Structure formats: structure tokens, C-alpha cells
Amino acid sequence: MSSEASEAERSEASKRAGSEATREHGGGGRSEASKRARSERDRRSVAADGGTASSGATRAADAARPDDSLLRVRDLDAGYGDLQILTDVHMDVGDGEYVTIVGPNGAGKSTVMKSVFGLTSYMGGTIEFAGEAIHGLAPEEIIHEGIGYVPQNDNVFESLTVRENLEMGAYILDEVPEEQIEVIYDRFPILRERSDQRAGTMSGGQRQMLAMGRALMLDPDLLLLDEPSAGLAPDLVQEMFDRIDRINDDGTAVLMVEQNAKEALGRCDRGYVLVNGENAYVDSGEALLNDEQVRKDFLGG
Amino acid sequence: MSSADADADGSSDATAAPGGATAGDPGDGDNGRYVSGWTPYREWFRDRWAQGGAAAWGTALAHLLVGALLFALVAGFDLGSLPIGGSLIWFLYLSLTVGVLYVATAPPAEPYVAWLDERWMESDVDKLLIVLGHVVLVFFVFAVALGLPFNGLVGALASVFFFTAVYAMMVLALNLHWGYAGIFNIGIAGFMAVGVYVMAILSGSTDPGPASVPGLGLPLPIGILGGVVAAALVGLVAALPALRLRADYFAIVTVALSEIIRITLKSTALQEFTIAGITTGTGGATGITMPGNPVRLLFYQSFDAGAEPALLGSVLFPLLEGLRVTLIPPGSSWLGIVPLPAFTLDLAVEPAVIANLAYVLVLAAFVALFYVLLVRTGNSPFGRVLKAIREDEVVAKSLGKDTNRFKIVAFMFGCGLMGLGGILWQGSQGFTNPGAFRPIITFYIWVALIIGGAGSNTGSVLGGALFAGAIWEGPVYVRRVVTNFVEFGDTPGTFPAAVAPLIEGKVLPLLSFLLANVSALRFILVGVILVTLMQRRPEGLLGHRKEEAAAIPLTRPGGGDGDGIGEPTAAADPVADGGRDDAADGGAR
Amino acid sequence: MSSEPGGADADDATDTAVDTPAAAAEGARDAAEHPLVVEGLHKTFGGITAVDGASFSVAEGSLTGLIGPNGAGKSTTFNCITGVHTPTSGRIRFRGDDITGMAPHAIAQRGLVRTFQIARELPEMTVLENMMLAPKGQAGERLSYAVVPGLRDRVVEQEEELLERAWQQLEFFEIDHLAEEYAGTLSGGQRKLLEMARALMTDPEVVLLDEPLAGVNPTLEEKLLDRIHELREMGNTFLFVEHDMDVIMNNCEHVIVMHQGSVLAEGTPEQVTSDERVVEAYLGGDV
Amino acid sequence: MGISETYSRGRNLAVSRPFVLVAVAVVAILTLDIGRRLAAPGGLTSAQLATFLWEGLVVGLSIGLAGVGLSMTYSILNFANFGHGDYVTSGAFAGWAVTWLFAGAGQFDLATLLFIGSVSTRDLGVSMLETPLAILAGLIVAAAATIGLSLLIDRLVYKPMRDDEGISLLIASIGVALALRYTIFIVFGQRTRGLTDAQSVPEFAIPVGGGGTLDVGGHELTLVVIAAALMLGVHLLLQTTKLGKAMRAMADNEDLAQVTGIPTERVVRFTWIIGGGLAGASGFLIALERGAMNFQFGWILLLMIFAAVILGGIGSIYGAMFGGVTIGIAQNLSLVWIPSEFSTVAAFGVMIVVLLFKPDGLFSGVTTA
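Here is what the cut-offs are and how they apply
Residues numbered from 1 in each chain as written. Chains lettered and ligands numbered in written order. Predicted model: local features only at pLDDT ≥ 70, side-chain atom pairs only at ≥ 80, totals over all residues. Heavy atoms only, no water. UniProt positions renumbered as here; feature names shortened; annotations may be inferred. Helix = DSSP H or I, 4+ residues; strand = E, 2+ residues; numbered from the N terminus. Rg over C-alpha atoms; globule rule 2.2 N^0.38 Å. Buried < 20%, exposed > 50% of the residue type's maximum accessible area, 1.4 Å probe, protein only. Contact = heavy atoms within 4.5 Å. Areas by Shrake-Rupley, 256 points an atom, 1.4 Å probe, with all protein chains shown as cover. Expected span 1.5 Å × (residues − 1). Bend = angle between axes of the 7 residues up to and from the residue. Polar contact = N/O pair within 3.5 Å; in protein donor to acceptor, adjacent residues only side chain to side chain. Salt bridge = Lys/Arg side-chain N within 4 Å of Asp/Glu carboxyl O. Patch = residues over 30% accessible without salt bridge, like charges linked within 9 Å, V, L, I, M, F, W, Y side chains within 5 Å. Lys, Arg positive; Asp, Glu negative; His and termini not counted. Charge placed at Lys NZ, Arg CZ, Asp CG, Glu CD. Pairing = 2+ DSSP bridges. Axes fitted to C-alpha atoms, helices over the stretch in contact; angles between N-to-C directions. Domains from an automatic or database assignment. Buried area = accessible area lost by both parts, 1.4 Å probe. Nonpolar A, V, L, I, M, F, W, Y, C, P; charged D, E, K, R; others polar.

- Under an unreviewed UniProt entry, chain D has the name Branched-chain amino acid transport system permease protein and belongs to Halobaculum gomorrense.
- Per its UniProt entry, chain D bears the Subcellular location (unreviewed entry) comment "Cell membrane".

- Chain C is annotated in an unreviewed UniProt entry as Probable branched-chain amino acid transport ATP-binding protein LivG from Halobaculum gomorrense.
- What the UniProt record of chain C gives under Function (unreviewed entry) is the line "Probable component of a branched-chain amino-acid transport system."
- UniProt, in its Sequence similarities (unreviewed entry) section for chain C, records the words "Belongs to the ABC transporter superfamily."

## Details of the overall build of chain D
Okay, step 1: Looking only at helices and strands, chain D has 15 helices and four strands in total.
Okay, step 2: For chain D, whose C-alpha radius of gyration is 22 Å, the value lies close to the compact-globule estimate of 21 Å for 369 residues.
Okay, step 3: Along the three orthogonal principal directions, the C-alpha set of chain D runs to about 75 × 65 × 35 Å.
Okay, step 4: Scored against the burial criterion, the 369 residues of chain D give a buried share of 56%.
Okay, step 5: Considering only intrachain contacts with a sequence separation of at least 6, the fraction spanning at least 24 residues in chain D is 74%.
Okay, step 6: As displayed, chain D offers around 14,100 Å² of accessible surface, 66% of which is attributable to carbon and sulfur atoms.

## Description of helix H19 (residues 457-485) of chain B
Residue and element names in this part refer to chain B.
Okay, step 1: The end-to-end C-alpha separation of H19 is 40 Å, in line with the 42 Å expected for 29 residues at 1.5 Å each.
Okay, step 2: Taking the largest bend as the criterion, H19 deviates by roughly 55°, centred on Gly474, and proline Pro475 comes between one and four positions later.
Okay, step 3: Near the N-terminus of H19, the side chain that reaches the backbone nitrogen of Gly459, with its oxygen 2.8 Å away, is that of Ser456.

## Considerations on the pattern of salt bridges
Okay, step 1: Within the structure shown, the criterion is met by 43 salt bridges over all chains.
Okay, step 2: Of the charged contacts, one joins Asp124(B) and Lys127(B) as a salt bridge, the two residues approaching to 4.0 Å between their closest N and O atoms. Of this pair, Asp124(B) and Lys127(B) both sit in helix H8 (residues 124-146), three residues apart, which is roughly one turn of the helix.
Okay, step 3: Under the relative-accessibility criterion, Asp124(B) is labelled partly exposed at 25%.
Okay, step 4: The exposure class assigned to Lys127(B) is buried, which follows from its relative accessible area of 7%.
Okay, step 5: Residues joined by salt bridges that share partners form a network here, namely Arg163(A), Glu167(A), Glu178(A) and Lys245(D).

## A closer look at a negative patch on the surface
Okay, step 1: On the surface, a cluster of negative charge is made up of Asp153(C), Glu157(C), Glu160(C), Glu161(C) and Glu164(C).
Okay, step 2: If you trace the backbone, Asp153(C) turns up in helix H7 (residues 149-172).

## A word on the sheet that holds strand E5 (residues 97-98) of chain C
All names here are of chain C.
Okay, step 1: In space, the four strands of this open sheet follow the order E2-E1-E4-E5, with antiparallel pairing throughout. Among the strands making up the open sheet, the edge pair consists of strand E2 (48-58) and E5.
Okay, step 2: Sheet analysis places strand E1 (residues 36-45) next to strand E4 (residues 89-94), joined by five bridges and oriented antiparallel. Residue pairing in the sheet places Val38 in a bridge with Ile92 of E4.
Okay, step 3: Docked against the sheet, helix H3 (residues 74-81) engages E1, E2 and E4, running at close to 115° with respect to E1.

## Focus: the environment of Tyr80(A)
Residue and element names in this part refer to chain A.
Okay, step 1: Secondary-structure assignment places Tyr80 in strand E1 (residues 71-80).
Okay, step 2: We classify Tyr80 as partly exposed; its relative accessible area is 33%.
Okay, step 3: Put simply, Tyr80 and Ser121 are 41 residues apart on the chain and 5.4 Å apart in space, counted from C-alpha to C-alpha.
Okay, step 4: Beyond its immediate sequence surroundings of up to four residues, Tyr80 is in contact with Ile85, Thr111, Lys114, Thr120 and Ser121.
Okay, step 5: In this structure the side chain of Tyr80 is engaged in a polar contact, spanning 3.3 Å, whose partner is the side chain of Thr111.

## So, helix H16 (residues 381-398) of chain B
All names here are of chain B.
Okay, step 1: For H16, spanning 18 residues, the distance from its first C-alpha to its last is only 16 Å, which falls clearly below the expected 26 Å at 1.5 Å a residue.
Okay, step 2: Of all bends in H16, the biggest is about 130°, found at Asp392.
Okay, step 3: Burial analysis of H16 places 14 of its 18 residues in the buried class, the great majority of the element.
Okay, step 4: Gly400 sits one or two positions beyond H16 and adopts a positive phi of about 90°.

## As for the domain arrangement of chain C
All names here are of chain C.
Okay, step 1: Once the domains are mapped, chain C shows domain 1 (35-121 + 203-287) and domain 2 (126-185).
Okay, step 2: Computed over C-alpha atoms only, the centres of domain 1 and domain 2 are separated by 29 Å.
Okay, step 3: Between domain 1 and domain 2, the residue contacts involve 10 residues of the former and eight residues of the latter.
Okay, step 4: Buried surface at the junction of domain 1 and domain 2, both sides included, amounts to about 820 Å², of which 53% is carbon and sulfur.
Okay, step 5: Taken as a group, Glu121, Asp203 and Arg227 account for 53% of the area that domain 1 buries against domain 2, more than any other trio of residues on that side.
Okay, step 6: Our enumeration of links across domain 1 and domain 2 arrives at three salt bridges.
Okay, step 7: Between Glu174 and Arg227 there is a salt bridge, with its nearest N and O atoms 2.6 Å apart.
Okay, step 8: Elements supplying a minimum of two residues to the side of domain 1 that touches domain 2: helix H4 (104-109) and helix H9 (218-233).
Okay, step 9: Counting residues per element, the side of domain 1 that touches domain 2 draws most heavily on H9, at four residues.
Okay, step 10: Considering only residue class, the side of domain 1 that touches domain 2 consists of two nonpolar, two polar and six charged.

## Details of the interface of chain D and chain B
Okay, step 1: Facing the 50 residues of chain D at the interface are 48 residues of chain B.
Okay, step 2: Interface area, chain D with chain B, both sides summed: about 4,300 Å², of which 76% is carbon and sulfur.
Okay, step 3: On the chain D side of the contact with chain B, Ile171(D), Ile186(D) and Glu341(D) bury the most area, a combined 15% of that side's loss.
Okay, step 4: Here chain D and chain B share zero salt bridges between them.
Okay, step 5: Counting across the interface, chain D meets chain B through four residue pairs in polar contact (both at pLDDT 80 or more).
Okay, step 6: Put simply, the parts of the chain that give the side of chain D that touches chain B at least two residues each are helix H7 (132-158), helix H8 (166-188), helix H13 (297-312) and helix H15 (343-357) of chain D.
Okay, step 7: No other element matches H8(D), which puts 16 residues into the side of chain D that touches chain B.
Okay, step 8: Within the side of chain D that touches chain B, the residues separate by chemical class into 35 nonpolar, seven polar and eight charged.

## Digging into the sheet that holds strand E7 (residues 222-226) of chain A
All names here are of chain A.
Okay, step 1: Pairing is mixed across the open sheet formed by six strands, whose spatial order is E6-E7-E8-E3-E9-E10. Unpaired on one side and paired on the other, strand E6 (147-150) and strand E10 (278-284) mark the two borders of the sheet. Strand-to-strand twist in this sheet, taken as the mean axis angle between neighbours without regard to direction, amounts to 15°.
Okay, step 2: Inspection of the sheet shows E7 paired to strand E8 (residues 253-257) by five bridges, in the parallel sense. Bridge assignment links Leu225 to a residue of E8, and that residue is Met256.
Okay, step 3: Docked against the sheet, helix H9 (residues 204-215) engages E6 and E7, running at close to 165° with respect to E6.

See below:
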């Protein structure tokens, strides 16, 4: 449906971004989406033409065609045990796109990511990856599909060396892919230096790089990053985001949850704002960042 | 949603044991990713069984036939050559199968099961009566099957109830540790040993004769108190690491401690020693003589073996020894026409059994004491804090509870009770040695706790009774009954000698061998029961019961019904009223 | 059998009354108006500094908000105050007494009671049991009182009083219809209500609320906030840790904003939200 | 490294880990005392001391070898397996049945051999020197049978409980222990049986200072060599093979292992294979060294194995090896000061004292590495 949106409309949306971000009703079909009443609590105004989801600045072409998207999440309900966290979540990540999920604490950002990776209780909706339904699959199967995941905490095997950590990332392959290890080493030279050091002895930033390196060992089409900047010193945060930019530039699509909204939205192609386990906004990162309403809502919740 | 789920679970749990095993499919339901290879078969069987009538009977008969075929394959070749064995085994097999099928499908079982269900839900006393009643019933059947005189039945029951009582006491004490405070103690035997040995040393005779070490000759109550205090103090020593260690580490420390105690008691170093001119000791590996059992003094003038009866004994013994009720005197006839055979009911009980029974009554009183003490401990603010510690220690701390103090006090209290339980158990038997305090005793007590259900005091007593009746004494009587009916010939001495005849199709030697080893078989039974319980019913018979930890029933004060929204009570109460007004204000704001 | 010292309730009082003259003198001025004072709090874990010199105080009878973006050090500060963590340096005074590094239960005993961000009900205890657990100075918490016949009468008496209070408190929070349910069967919001009701059963002087509204639906949110306001009017003091600016704006009269381990701004909600540094901090800037 | 650096390091150590200093001090005092006793005429001879140390090493390696398996299952399956001692016994019985079968086939009745029945050990003449192949076959069967047994028990008992708490699994493992032990009891009987021919076991007398000799038994030597080789094998397996690394990864962080794509069930199976194999092999070797066994020797050994594993920090296989040797030497060296009845007490005492100061054991935090 977004394909109906003309180029003009999209640039219009970009301009409008300063005043009001577009309310997303999800790409799965407006009729279906509008059938579902939004929570009464939602005080936000819904954009009059509310349908067009994206107005990505740099990769608008990809973003505007969610039907071709690599990852396609529709009406997702998920949670932990019998506790539902997500309600009707929609999300698209195009091939090679860089998408960020932001939102206040407890909005369910990480839950979206874990749901994509099969780590939550699936309660309804669809998750498609490269045209195949992957909801209900176990994490080890999803890895085979070509998705890599970097959890937020405890994301390295502390008692294993750096190299062993990377080898674990390619466990499903029969042979250790030496060339891929070299690729990772080239991308994160510090890992080559520390190759034989135990991961537990490394600093937070180095661990984060190792965790990403491990997730990249299978050269996934989509990389899921859960708050990569959490707990890093400010100067390292910049470096971390630079590295993610480069990973994305090399063609890997990135879906990232970030608390540091300013930095994340500033760099991504598109951003989703999640509030209370539901989609609130979607727009280009820049647009979201400059939107007064988003700023206010983000501070509130 | 979640409360509805919980209710559903609760009710299925509440329908108690009989249907529990087949109701639903807890095993598979709980572990979604575990599908046993047997599952399709089980589902098919359940389905057929549920249809009832011809389908159920047909399925049952098919199984019967297949079973018989298998049986014949193993044993069938020489069945005819056995004296009565062959036909008897077939008879047993058929009657057992048909009996089970009949009970399971036919209506006559229903009133009984329904009655059992209903009574079971009534009260703790009913549960106890049901279990003890069934124990008595089963042993009555054993006695009849064995042709035991009344004296034998009473003796057997005295023995079963002795074990029931001592296990009940130990399990009650353990329940305080594990069920309430969540302390994983597997050193029970050690705390028992401390209690028993300190009592024995303090109150042992100063002149015990050549075979034993002298004690200090203090009065028995002092000895018992000393034993209990000593066990509690050893508990204190063990509780100090409890504050720092993980549950499984702590467990291993307690079992190591109990082994240290046992090895120390066994050592020659402390066998006999002299301090301040007084000679005493542990008796080493040979063991230690216990002070006389005061219950004996009720009946006899002294502790000596051939002592004269005391007052009570001199009255009771002749009375009970000669107790025979003549129901039909010799020479009677019906209406003076049909002569009737004379019939006298022999209810004679021998003095030794009377003394045993009296001691069991004393133990029962102690079980009641333990029960009251522990119910009071549980149903009090103290027990509430323990329960909170088990659930979430951080919360208890955040509410200002010094959780370490509670854990130490609870642990010491439980250890003291274990010491007392040990004294009443081992101390009553005239003599004990370190072998009676091997770690295996601890595990028996654990099994009894798990059967009854951790967290429930009534469950603890029931667990003790079931362990003593069904696992400890029961199998021995089963063996006696079977050997009474089946002529086995010579029992093979070894397993190979027992299985070798299988090749020739002879099963009796193996059966006979297994029966001879029934004491080992019951350990295997214990193991299987433990695993099955942990997999299927980890909460035991009565665990997870709604036992409120408070000194008073937690209902709405003033007798108001719990369902009311509370207007009447609130209106009567100024503070609550004020709160309500404020609430109204707040809502309007 | 009892291993406890004789039933002196004074025991706890004596060992908690730690009072250095210096602290008392310094605290006396403040203590009347500011029961809780945090001075130069530092906390490091390994090499990472979580709290970096935070100082603030909580006024008597106030509803003070402590906010800040993720990783600002709110939780660590909270944990230092409640005794879960021992500060690396700095002081925490409560009513003029230095409570730095005291055990959590000792701090709670003094009347500084916390709630948890993710409600920590005791799932296999009923709501009433949860409530009855909380009050301080229960005679029946001594084993001797619990089991000895004569002494137990006093326990029973006390229990009756507590039960009545518990019912009142449950009615006040409008969860009395759940009183006999297991706490584990309550919904998330109901657990939050229970948690707060339970904390109030201890007769606290200051209540530390750790994100009391996290994961609570709007209707219950209103209810919880109403209760907090009422209780404050009844004289309770609250320190309210929250990341959600809206809630703080609408409810607190005083707001402390933390960022990167120290206090970034302090003042009325209006002052704080108009502070550009605060907005930047929330969006993830370095300020 | 300069003196001042050494000094400051020492000071840091004293501040941060006072227990280490206390332990070093105690060990130093005991060592000095041994020196004093050695020097005193009529006191401890160096041959005695060497014997204590050697015996300690032998006992320690056997405990350590059994402990490695226990530690592995603990770190990967998260429960203390109380059935482990009976896995040791099972392995020993299976292995020795085969050794006897090999050694006595043709001479004696097969059933008698297979059930390790009454055959004079003199007549059978099993020893490393006489029947090395039979012993080797027994060792292999001991390991293989125990692997089969532990996989079977995992399937029946532990797999359906995979998500349960460690304590539930622990209690279930007590049930497994009882069932196993008394199954062995029924099949093989209660008595303690001799296994090897003491006459044909070679002994090497190694002269030590002071005119005494250290007598090293051939079977002791066999145990030490095979145990060391097996431990080295486990080390290489964990460090160099993919599956070994996956085991370490899973012990380290099970959730992360799952999201990394490590097949956790397969790792669990492999853990039982290694843990069970080592338990069986150690049982066989311990019985070889002792020359006798009965149905409960593994259970009696279990507490000692736990002591070793906990001492080293449960979950750490190097800790288990180190803990085993420490416990073994503590147990034997304690004979210098206390009567032999208390040597077990000394071993448990060392464990409890270590736990008082280091509640997580010596190698804690170094999970399976």
C-alpha cells in the first residue's frame, strides 16, 4: 500500500516531519488496522492521511516498499509466559535498511527483537523473513534463515577466548570459516589483537564488538542489535555507532533497539517509536528526531 | 485470566490421588518439547478406555491376552511340571488382572472412591484417619493371610506405628527446615546422633557392666534436654555457613557434617575417655547402651530383663494375656436343634507387645506435641517470615525482617527437634551404634517428606505413615504372605543362580530370590517413587496447600462475609472511612 | 528449646540507634524538614562508575520525584539508600542518623521502606498474609511467643489488630476483594497496589517508590497516583523514582533529575522540563 | 619485577584476599612442622612422608577423575547429581565383569565370571602384568556401559524435567542413586569381592632419602597414568574440539548458547557421554587400585567426590582435578598429625573451611575452563 504513495507525498511527509510525524497504521492493510480500536489512553492525534508509513530519507525507495521487505512483522502479539507485552505491532525492514526502534522504558522494544528471534511467547500475528513465515521457529532455526542477534547483556561467553567466541558464532557450519573470522578481525581489529584473550577480561566496548562479531560470523542478511550502546562510555558510544553504520554500509540490514534516541535516530534510515507495546510513530530518523510531539511523548510515556 | 487458570489447576490437584494419575496429561502438558515415544500409544489407550463399555473391556482383554502370551513365553514351558506353582501363578495373574479391571471399571468401586474423595476433603483428622485406617486394614489382611494370632497383629501394628511415629516426628522437623524456611538439610542423621549420644552419655548408667562404657548417671530428663540442646547447638554451628552458601553447597556441608559426627562417634579415640576424674565415652564402633526406657517402668519394677511386673503390669498382663471372648460356648445349638461348633475369639496379647504398644502411645503423644509446636510455629508471625524468606528473601529484608536471625532460629529449632526425635527413636531401643546414623536415614526422611508434601505439617505425618506402612514394613509382610502361600523350594543364593533357570523356563527361583531380597527391592521402590514424584507430583500428597501463616484465621473481622465490598465494616471504622472519602476526593480531582 | 534472648522488644531499638555526635549536630538542622539526605554519593562496580557524587534531600511530607534517563544511576542510588549496595563513598542520613552501609532490614526497621519496580509479591502467600507480614515489632516473630501457650495469647491479640489494619489498608487500596487470593494470581497492577499497601503496613516514615507505575494500565495508574496523593496528605513522605517525565510533571512538587551518575537539575517540574539540558539528556545527548 | 612492586602486590593480596594469606600461613606452618618432625629422631621418616604424598596423589587423582564428570553435569545441567557415585559403582561392576570374563574364559563357569562371583583371585590371576588386555577391555566396557546407563537415565528421568529447578533434579538424582545401588545389590550381591591377584601385581621400590623406600604399586601407577591421560584428554577435548568449546560455552551462558545456535540438547547428551564415561572409568580404576569393591563403594566415595568438586568450585573441571588431589593429599597427609580414623574428617574439614572463606569454592567463576 505504501507503494501507492507518490514520490511527492513522501517528500511532503519529510517536510512535514518537523511539525508532526506520521501515525503508522501498519502496512498490513488499513481496513484491518482501523478495525482494531486503539487504546483510549492514546492521546495522540492520528494523522489525517495516516496510511503512508515511511518517509525514509536515505533509503526511501526500499523503505517505501514494505511488501518487498526483508523482515515483515504484522499484527504481532507477544509476551512472556501469559503476560502480553506487544499488541498488534507492525514493522518492516527492507533489504540493507537500517531501522531503529526507540521508545520509553517498558515500551516493549526489546520484546519486538526477541520475538523476531523466537525468544518470547508468540500470541498472534505474523513475522515473515525473506518471504517465509518464521514466527514459532526456535532461535537455532532462525539463525539458519540468516538473522543474527546480539542480546543486550551477557552477550559474550566470558570463559571462552575471543576467537572461540567467534567460532561459536559459526557453530552451525561444519567447518570454522577462517575467511569470515578474518573479515570480522578486519572490521574489529581489536579482536585480532585480543584473539587469545578470554572474553571475560575485556572492557564493555570490546565485548560489544565481540558480540557483534559473533553475530556476523554467518554473514546474516539482518542483524538484530539490542541497545548496543548500553553501559558504554560516551566516547565509545560514537565509535560503536560508527561501526554499526559500516556494517550497514556493507549491505547488512540492521534492526536496532536503542535508548540513545538522538544518536540512533540521527543515523538510521527509518525509526519506529513504540509506546506501551504498540506502534506509535514511524518516520525517517531525522523527522522523528525533530518532531516536537515525539520529543514530548518520549520524555513522557 | 491467570486466576482462572490457577483455579482450574487447583481443582484438578484437589481431586486427589485416585484419578490424578490419568486425569489430563500433566507430564506432556508441562514439557511441551518432550514427547515420549509412548505418547501415541498412551493416547490411544486413554481414548479407548474413556469410551467405556465394550471398547474398554475389549482393550483390556487384548492387553490381558498379550500379557499372558508374554508371560507364557517367559515362564510357560514348564508350568505343568511345577507342583502347584504353575497353576497358582496363572491363577494369581488372572485374578489380579480381572480384579484390577473390575475395580477400575465396575460401579461397586465408585461409592468407595467417592466416599474416599469426600472424606479426604473434609479435614486433616479425616486424612489421618483414612491413611491410618488403611494401614490397619492392610495389616489385618496380612495377619489373616499369615494366620497370625491377635497378638501377632497387635505386634505388627505396634511396629508399623512405631515407625510411623518416629518418621512423622523427623519429617515434621524437616518440614520446618525445608517446607517453611527453604533450608536444604541432608544431615538429619547427624543431628539425631548428637541428640541420642549426648542423652546416652549424660543419663547412661555409671556402672553399665563390662560390655559398655559408663555414662554420667544424670536423671533422664536432664539427659534428654541436654541431647536436644546439643543438637540445636550443632545446628547453630551448621547454620552459620547457611547464611552464605547456596542451597546445594549447604546441603553437602550438612551431609559432610553428619558424616564427621558419625565417624567421630565411631572412632576409638573417643570410645572411652576420662575428664576430671569421670570416665565416659561414645563406645566407638560397638555402640553405646541407652538409659532404661521409662515406659518399661510403668509395667515392670526395674529395667532388668526378668523383672517382676509393677502394679500396672501385674494388673494388665494377666488380664490381656488371658483375654478370650467366647462367642459360642461349647455345646451350644441353634434353637436347640442344630448343634453349633464352639467358637472363642482369641484376643490375648503378650506382655512384651503391651509394653511396645504403650511406648507407641507415648510416641503418638510426642507426634502430637511436635505437630502442635510446628503448627504454632508455622501459624504465627514467625512462620510468616519464614514463608516469606522461602518465597523471596529480599522482600522480607526490605520489610525490615532480619532474615538471618529467623533462619538461624528456625534451623536450630528444627535440629533440636531432630535430636529429640532421634532420642525417642534410637534411644528407646536399649542400645545404639554409629551405624544407625548413616546418611541413608536422612534420605528416608526426605522421601517421607516428599511423599507427604513439603510445606504441610499434616502431610508430614501422612508421609511418615505411608513411608513406614507402604515402603518400610509393607514389603516385608508381602514377602511373608507370598512365601506362606507359594512353595518355592530352595531360594537361590545368588542372582545368576536365580536367573539361570529362566533359560529352562523356570521363574520361581527368580521370584523366590527377589522376595528374599525384598529389603533391597524396597530401596529400588523408594528410588522409583522419588523420581516419579519429582516428575509427576513434586508437591507430594498435600504440599502447596492453603495453610495460612497466621496465628488467627484470616477472615474479615466482625464476621462479615469475605465477598462483601466492605461498606459495612468500612463505615463502622473511622480510619477506613477517612481513606474512602479521600479516595473520592482524589478521584474527583 | 527457645534459643532467643528473653522477649525484650527493645533489642532492635538499641542496636539500630547508632548515633555519632557529628552526624547528629549536622543533621539536626536538616532532619526536621528533610528526613532523608544524600550527600556526595559515589558507587562504582569494578571500574564502572554508576553514581558519581549525587547529593539531594527529600523534604518532610513531600512527593519528590527522582528521574533520569536509563543508566543515569537512579536504581543504584536507590539501592544504596535502601542498603542493597554499600556506597563507595558519600553519606546517607535518615532523620539525622548516618545509615550509610546499614543492612537493608535495619534501614527498613527505621522507617525507610521501599517498593520494587517489578512488584515482588510473595506468590504463594495470600494477599492478607503478604499484608500481615509487613508490620514491625510483631511479638509473634519470636519463636518463644509463637509456641509457648501463655505468651501466644499476646500474639493472637496482636494478630487481630494487624488483621483489622490489613483489611483497612486493602479497602483503602480497593483490593480487599482479593484478600484471600494467592498473591501470585493477581494482575500486574493489582500486585503494584498490594506492594504499596504492604509497604504502608510497616508504618513507614519515608516510602521509596521504584517506578511504581511501570507496566500499570492507565486506570490503575490513576488509582495508584490518587492513593499516593492521599497518603501524602495524611503525612507520608515519598521519594518517587521514575523515568517517565509526564508522571513526575503532573504529580511531584519537587523533582531531582539525575544524569550520568550525578544530579543534573533540581526544582519544580516546570523548571526541570524547561531545562534544555534535561531534554537533551533524555534524548541521549552528552549534555 | 622490582621489590616495591612485589611488595605492593603482596599488600594488595593481603587486603583483597586475606583468606589466601591465612591459607598460605597455615600451609607454611604445617610444612615447617613436617620439617621438624622429619628432623626429629624417631619422628616422621622421609619414606613415610613420600608414601603419604604418593597415596594422596593416587586417591586424589581417582577422586578428581570421578569429580570431573560430576562437575561437568553440574555446570551444564545445573544440578548436583547424587547418583554420580552409583554411576561410578555401575561402571566398575560392568567393567570388572568383562575383565573377569576375558581373564577366566575357558577356566571357569561363564556365569560365575560375569557376575564376579566366587573365584579365588589367586586362581584367576588378574593383574596389569598378567592380563593387561583383560584390564584394558574392562576399562573400555566400564566407560561404555556407564555412558549407556547415563544416557538411558537422562532420557527416562532428567529429560522430562529439563526446565525444573536444580533442587528437584537433585532429589530425583537421589532416587536414581538408590535404585541403581540396590539393583547392583540384587544382581551382584552384597559382599565385598576381591578382584585382582595381589601376588602378581608388580611393586617398585623407589629409594628416598634416609634409607627408606617408597613402594609404588603397579596398579597405583596404572591409575595415575590413565587418570592423568584421561584428564589431559578432557582438557584437549574442551579446549580444541568444537563440541568441547560448545560445552564450555553452554556452561558459561546457556541462554546465549541458545541464541548463538548451539544445539543445547546435543551438548547435554555429550556431557553425559563424557561425564558418564569418566565416572565408569574412574570406578574401574579405583577398584583396580584397591583390588576389591562392593555395591556401595561409589556412594561412599561420593561425598569425597563432592568435597573435591566443591573445594575446586563446582562447575570447574580443573577445580575438580585440583580439588581431588588436594582432598586426597589432605586426607593422607593428615595422618602425620591425627589417627587414620579421622582422615575422612580431615578431608571434609578442609572442604568446610574453604567454603567458610570462599563460599563459591577455590576456582569459582572459572566455569569449565
